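# Overview (structure and organization)
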Amino acid sequence: GNSVTQMEGPVTLSEEAFLTINCTYTATGYPSLFWYVQYPGEGLQLLLKATKADDKGSNKGFEATYRKETTSFHLEKGSVQVSDSAVYFCALSDRQGAQKLVFGQGTRLTINP
Amino acid sequence: SAVISQKPSRDICQRGTSLTIQCQVDSQVTMMFWYRQQPGQSLTLIATANQGSEATYESGFVIDKFPISRPNLTFSTLTVSNMSPEDSSIYLCSVDRAGADTQYFGPGTRLTVL
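Keep in mind that what you see is a predicted model, and the values were worked out from it rather than measured.

Each value, and the rule that gives it
Residues numbered from 1 in each chain as written. Chains lettered and ligands numbered in written order. Predicted model: local features only at pLDDT ≥ 70, side-chain atom pairs only at ≥ 80, totals over all residues. Heavy atoms only, no water. Pairing = 2+ DSSP bridges. Helix = DSSP H or I, 4+ residues; strand = E, 2+ residues; numbered from the N terminus. Axes fitted to C-alpha atoms, helices over the stretch in contact; angles between N-to-C directions. Buried < 20%, exposed > 50% of the residue type's maximum accessible area, 1.4 Å probe, protein only. Contact = heavy atoms within 4.5 Å. Buried area = accessible area lost by both parts, 1.4 Å probe. Salt bridge = Lys/Arg side-chain N within 4 Å of Asp/Glu carboxyl O. Polar contact = N/O pair within 3.5 Å; in protein donor to acceptor, adjacent residues only side chain to side chain.

## Remarks on the sheet that holds strand S1 (residues 4-7) of chain B
All names here are of chain B.
- Overall, antiparallel pairing links the four strands, which are arranged S1-S3-S8-S7 in an open sheet. Looking at strand neighbours, the two that pair on one side only are S1 and strand S7 (68-72), the edges of this open sheet. Shown here is a sheet whose adjacent strand axes are inclined to one another by a mean of 15°, direction ignored.
- By the bridge criterion, six bridges tie strand S3 (residues 19-25) to strand S8 (residues 75-80) in an arrangement that is antiparallel. Residue pairing for S8: Leu-19 is matched across the bridge by Val-80.

## Re the pairing of strand S10 (residues 86-93) of chain A
All names here are of chain A.
- Among the eight residues that make up S10, eight are buried, leaving the element largely enclosed by the rest of the structure.
- In terms of strand pairing, strand S5 (residues 32-38) meets S10 through seven bridges, oriented antiparallel. Pairing of Val-37 across the sheet is with Tyr-88, part of S10.
- Pairing geometry for S10 and strand S12 (residues 107-112), over three bridges, is antiparallel.

## Digging into the interface of chain B and chain A
- At the interface, 20 residues of chain B touch 20 residues of chain A.
- Counting each side, the surface lost to burial between chain B and chain A is near 1500 Å², with a carbon and sulfur contribution of 50%.
- Remark: the boundary between chain B and chain A carries one salt bridge.
- At the boundary of chain B with chain A, the tally comes to five residue pairs in polar contact (both at pLDDT 80 or more).
- Secondary-structure elements contributing two or more residues to the side of chain B that touches chain A are strand S4 (31-37), strand S5 (43-49), strand S9 (89-96) and strand S10 (104-105) of chain B.
- Ranked by the residues each element gives to the side of chain B that touches chain A, the list is headed by S4(B), at four residues.

Structure, rendered in structure tokens:
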């Protein structure tokens, strides 16, 4: 079945550091890929998405590129801020039938000033 | 995107009781989903709420425990029945408009079972 694996957390960085959160997936066919963010005490917000190979999703300074050859969708940001502290979830949608989302385990990110 | 509200936002319940969670969307949507997020864990799909027919449940989830209604294209309810402390979780609904291939989530309902 489909699955998503994220790098284990928690991740702690200093403000203005470079961020990478690794995400790899296993899927049949050609899934859509997503990053969602969950700020403390809040629900999930869509951060960015990519729907086909080599697509780059971007939002709020975050970027992720759909790499079919390595089945990866790593999240990057060049300079993180304290306000980026949250839990980040990588997910895929199989785009077949009910388009169910399969989530990775989440990575807790803490940015220190 | 869509504006999605859930009621209640949180509740504390006694074991053996049931709680019904409501999900309201500001526009008609084709697909509605219910997820569970256990403490410190990721999200797991409970079921897909189908308008006009029975919900489709994922492996490990059954209708007797999590009955779902979807009376129209903007509303759904999830009931957590005969609750035990293991049901303490955040329950989230999400929606996906036809052709959008993107799910948007409600704010969640934080349930604590004593």
